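Chains, contacts and geometry: an overview
Next come the chains, spelled out residue by residue.
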2 protein chains.
Amino acid sequence: MRLVSVAVTQMACSWDRDKNIARAKELVEEAVAKRAQVVLLQELFETPYFCIETDETYFKEATSVAKNPAIAAMRKLAAKHEVVLPVSFYELADDGRRFNSLAVIDAGGELLGVYRKSHIPDFPAYEEAFYFSPGDTGFRIWDTRFLRLGCGVCWDQWFPEAARIMSLMGAELLLYPTAIGRPTEDSPYEVPNSKPHWQQTMQGHAAANQVMLAASNRIGLESGGAFHIQFYGSSFIADETGTKAVELGEEESQVGVCEFDLDRIADFRKAWGVFRTRRTDLYEPLRSQRAPEYLMSR
Amino acid sequence: MRLVSVAVTQMACSWDRDKNIARAKELVEEAVAKRAQVVLLQELFETPYFCIETDETYFKEATSVAKNPAIAAMRKLAAKHEVVLPVSFYELADDGRRFNSLAVIDAGGELLGVYRKSHIPDFPAYEEAFYFSPGDTGFRIWDTRFLRLGCGVCWDQWFPEAARIMSLMGAELLLYPTAIGRPTEDSPYEVPNSKPHWQQTMQGHAAANQVMLAASNRIGLESGGAFHIQFYGSSFIADETGTKAVELGEEESQVGVCEFDLDRIADFRKAWGVFRTRRTDLYEPLRSQRAPEYLMSR
């Protein structure tokens, strides 16, 4: 048996950065008290989700890895509690570009490196292309103290390609810090409730790759421009068959923890045989086949 | 509005081929009575699932397209009722190779062509590598009278790559004829109940590609060698968010029908923007990255 315990969290965010970081620390400590070894905080928890509108004044929220206060705080916390802590943050790169990034901190407080979000959404109320360059790191995996980790960031979660690549690289757990919600009724754009769709897509990644998967989403009502988003939480952990093992509420700030046996899952994946029966000779269209025009235009 | 009505079916199979074909015809007629325009029959319904064991005597069950009685019967039925009918069969190719194939019949009875199952399982009680060469057609889509169809066969359903490629090619509906079940307790090999995992994986394909998906599975207890499989039916149709819209029982021979508006789904897929935010520059590992050795060996 090789047991590992994973936590999802969720919280509301204000424009008080110190307060947000303090609240994130409380969530990590609550997870540690529940024996979590890997704790997933939500996407961009230092601020409200400013991508709800396009406003250059938010560019100044970006920081380098070295100057980011959340990373500094979480490195100390990771070392203190011996817990793996991926931290989502708005990165200002040396060359002046900005990215939606994730700093992966190991259980001794070591900064293992940074992943830059590959897939960038650009539609009303999720105007990320205005703020972030598409990531240039490619998909990465992280050999942490407890397990090999694969991390995407939010919109990456809609792409089976990302989940599969991280799984091929050996990820034993896929993590997705997230910011997704429902526009309220007075928003100028009708969008269906994406919550079941959002969970179903990631449960599919877990099932297809037979890998644990966890997503932490924000809660709370946030406004910007003409939009009001009710972030719906529902952070969850799926097992290697895609079944939800933990699911949090839509409105409460919470922590959920689940323990898995990595040896059992490795045996299951080997017996199932999906990875050895892939047809890599047939997969070139994943790169070269362009979708029909009506799916490509805005 | 562009409405299309899709049916899933399920039945038990014996070694009386004529009887199996007659039962399949009844199911199609029941679906037509419920106004179905596309009817999915299960995998290899002309015979029991002989792949439960390895026995050369079953090689003789393979036929050419021209000589296959199920295809001939279903072509007549398709023309009579103006219904699209993909037919799974054991194909004997001109060069002597055998494939697990699908003949796609359009609503005028025209044979549009054949897809040969790409992914071949080879583990206890699903010894398909003994009977079938890996398909050499690649993934295909079919412009039928009512919609553009993508079809995989059974084990193909575990691969996000196949679903994505067919979606990129423009598939508006993904179909998977299937034969999957639980080994009974007296089988020499312990396997967990794969039903939720099986559904979850395909619901994930539907959700990630925002495409309708239907799977028809067999029912009944079948035995071969030391194995006894209880095929668990549970044929289902998922909508474009991966939510199950129709699900049949585990033991009953049944038909389930669901109607969709293709125009509404096309608008949804376009608005969602997944296809235009793919990162094809990062997907090469889907072909070149080899999974860890422990996932590749038997």
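Since we're looking at a predicted model, the values are computed, not measured.

This next bit is on the relation of the copies chain A and chain B. Mapping chain A onto chain B calls for a screw motion: a turn of 180 degrees about the axis and a shift of 0.0 Å along it, with 0.0 Å RMSD after fitting. Here the transformation between the copies is reduced to the relation of a two-fold axis. When C-alpha distances to the rotation axis are compared across chain A, the minimum falls at A:Gly204, with a value of 1.8 Å.

Tallied over the full model, the rule gives 56 salt bridges over all chains. Because the salt bridges share partners, they merge into one network encompassing A:Glu91, A:Asp95, A:Arg97, A:Arg116 and A:Asp136.

What follows covers the interface of chain A and chain B. Contacts between the two partners involve 67 residues from chain A, matched on the other side by 67 residues from chain B. Regarding the contact of chain A and chain B, the summed buried area is about 6200 Å², with carbon and sulfur atoms giving 63% of it. Looking only at chain A, the three residues that lose the most surface to chain B are A:Trp272, A:Arg276 and A:Leu286, adding up to 13% of its buried area. Across the contact surface, chain A and chain B share eight salt bridges.

All names here are of chain A. By the definition in use, this model includes 46 aromatic pairs over all chains. An angle of 70 degrees between the planes, with centres 5.8 Å apart, marks the rings of Trp198 and Tyr232 as edge-to-face. With Trp198 in helix 5 (residues 195–209) and Tyr232 in strand 14 (residues 227–232), this residue pair connects regions lying 34 residues apart in the sequence. Accessibility assignment for this pair places Trp198 and Tyr232 in one class, buried. Taken together, a centroid distance of 5.8 Å and an interplanar angle of 10 degrees make the contact between Phe268 and Trp272 stacked. With Phe268 and Trp272 both in helix 6 (residues 262–272), this residue pair falls four residues apart, about one helical turn. Taking relative accessible area as the criterion, Phe268 reaches 14% and is therefore assigned buried.

A separate point is the sheet that holds strand 2 (residues 38–40) of chain A. Residue and element names in this part refer to chain A. Pairing within the open sheet is mixed, and its three strands lie in the order 2-1-17. Looking along the sheet, the strands with just one partner apiece sit at the ends: strand 2 and strand 17 (254–261). Averaged over all adjacent pairs, the angle separating strand axes in this sheet is 20 degrees, with direction ignored. Sheet topology places strand 1 (residues 3–10) next to strand 2; three bridges connect them, and they run parallel. Note that in strand 2 the partner of Ala7 across the bridge is Val39. Against the sheet, helix 1 (residues 17–33) touches strand 1, strand 2 and strand 17, its axis set at about 40 degrees to strand 17. The strands touched by helix 6 within the sheet are strand 1 and strand 17, with strand 17 carrying the most contacts at an inclination of about 60 degrees.

All names here are of chain A. Spatially, the three strands line up as an open sheet ordered 3-4-5, and their pairing is antiparallel. Edge positions in the sheet fall to strand 3 (85–92) and strand 5 (111–116), since each of these pairs with one other strand and no more. Pairwise comparison of adjacent strand axes, ignoring direction, gives a mean angle of 30 degrees for this sheet. Across five bridges, strand 4 (residues 98–105) lies against strand 5 in antiparallel orientation. Across the sheet, Ile105 pairs through a bridge with Leu111, a residue of strand 5.

Turning our attention to the packing of helix 4 (residues 160–168) of chain A against helix 5 of chain A. All names here are of chain A. Contact geometry of helix 4 with helix 5 gives a least axis separation of 10 Å together with a crossing angle of 35 degrees. Of the two elements, helix 4 crosses helix 5, and the hand of that crossing is right-handed. The segment helix 4 lies against helix 5, with Pro160, Ala163, Arg164 and Ser167 engaging His205, Ala208 and Asn209.

For the rest of this paragraph, the subject is the side chain of A:Gln10. Residue and element names in this part refer to chain A. Mapped onto the elements, Gln10 comes out in strand 1. A distance of 3.2 Å separates a polar side-chain atom of Gln10 from the backbone nitrogen of Ser234. One polar contact links the side chain of Gln10 to the main-chain carbonyl oxygen of Gly249, over a distance of 2.8 Å. Beyond its immediate chain neighbours, meaning those up to four positions away, Gln10 contacts Leu27, Gln42, Asn217, Ile219, Gly233, Ser234, Ser235, Leu248, Gly249, Glu252, Ser253 and Gln254.

All names here are of chain A. End to end, helix 5 covers 22 Å across 15 residues, agreeing with the expected 21 Å (1.5 Å per residue, within 8%). The element helix 5 is largely enclosed, with a buried count of 14 among its 15 residues. Looking one or two residues past helix 5, Gln210 carries a phi angle of roughly 50 degrees, positive in sign.

So, on to the confidence of the model for chain A. For chain A, per-residue confidence averages 96 on the pLDDT scale, and 98% of positions sit at 70 or higher. Our summary of model confidence lists the complex with pTM equal to 0.98 and ipTM equal to 0.97.

This next bit is on the environment of A:Glu46. Residue and element names in this part refer to chain A. Looking at the element boundaries, Glu46 is found in the loop between strand 2 and helix 2 (69–81). Residues Glu46 and Tyr90 lie 44 residues apart in sequence; the distance between their C-alpha atoms is 8.9 Å. With near-sequence residues (within four places) excluded, Glu46 lies in contact with Ser14, Arg17, Asn20, Ile21, Asn68, Pro69, Ala70 and Phe89. Side-chain polar atoms of Glu46 contact the side chain of Asn68, separated by 2.9 Å.

All names here are of chain A. Over its 13 residues, helix 2 extends 18 Å from the first C-alpha to the last, a length consistent with the 18 Å expected when each residue adds 1.5 Å. Of all the positions in helix 2, only Ala70, Ile71, Ala73, Met74, Leu77 and Ala78 are classed as buried. The arc enclosing the buried residues of helix 2, seen along the axis, measures out at 160 degrees, which places them on a common side. Exposed residues on helix 2 whose side chains face more than 90 degrees from its buried face are Lys76 and Lys80. Residues of helix 2 that are buried sit in contact with helix 1, strand 3 and strand 4. Capping the start of helix 2 is the job of one residue whose side-chain oxygen sits 2.9 Å from the backbone nitrogen of Ala70: Asn68. Of the residues one or two after helix 2, Glu82 is the one with positive phi, at around 50 degrees.

The rules behind the values
Residues numbered from 1 in each chain as written. Chains lettered and ligands numbered in written order. Predicted model: local features only at pLDDT ≥ 70, side-chain atom pairs only at ≥ 80, totals over all residues. Heavy atoms only, no water. Least-squares fit on C-alpha atoms with pLDDT ≥ 70 in both. Salt bridge = Lys/Arg side-chain N within 4 Å of Asp/Glu carboxyl O. Contact = heavy atoms within 4.5 Å. Buried area = accessible area lost by both parts, 1.4 Å probe. Phe/Tyr/Trp six-rings, centres within 6.5 Å; stacked < 30°, edge-to-face > 60°. Helix = DSSP H or I, 4+ residues; strand = E, 2+ residues; numbered from the N terminus. Buried < 20%, exposed > 50% of the residue type's maximum accessible area, 1.4 Å probe, protein only. Pairing = 2+ DSSP bridges. Axes fitted to C-alpha atoms, helices over the stretch in contact; angles between N-to-C directions. Left-handed = near helix turned anticlockwise from the far one by under 90°. Polar contact = N/O pair within 3.5 Å; in protein donor to acceptor, adjacent residues only side chain to side chain. Expected span 1.5 Å × (residues − 1). pLDDT = per-residue confidence, 0-100. Arc of directions from axis to C-beta.

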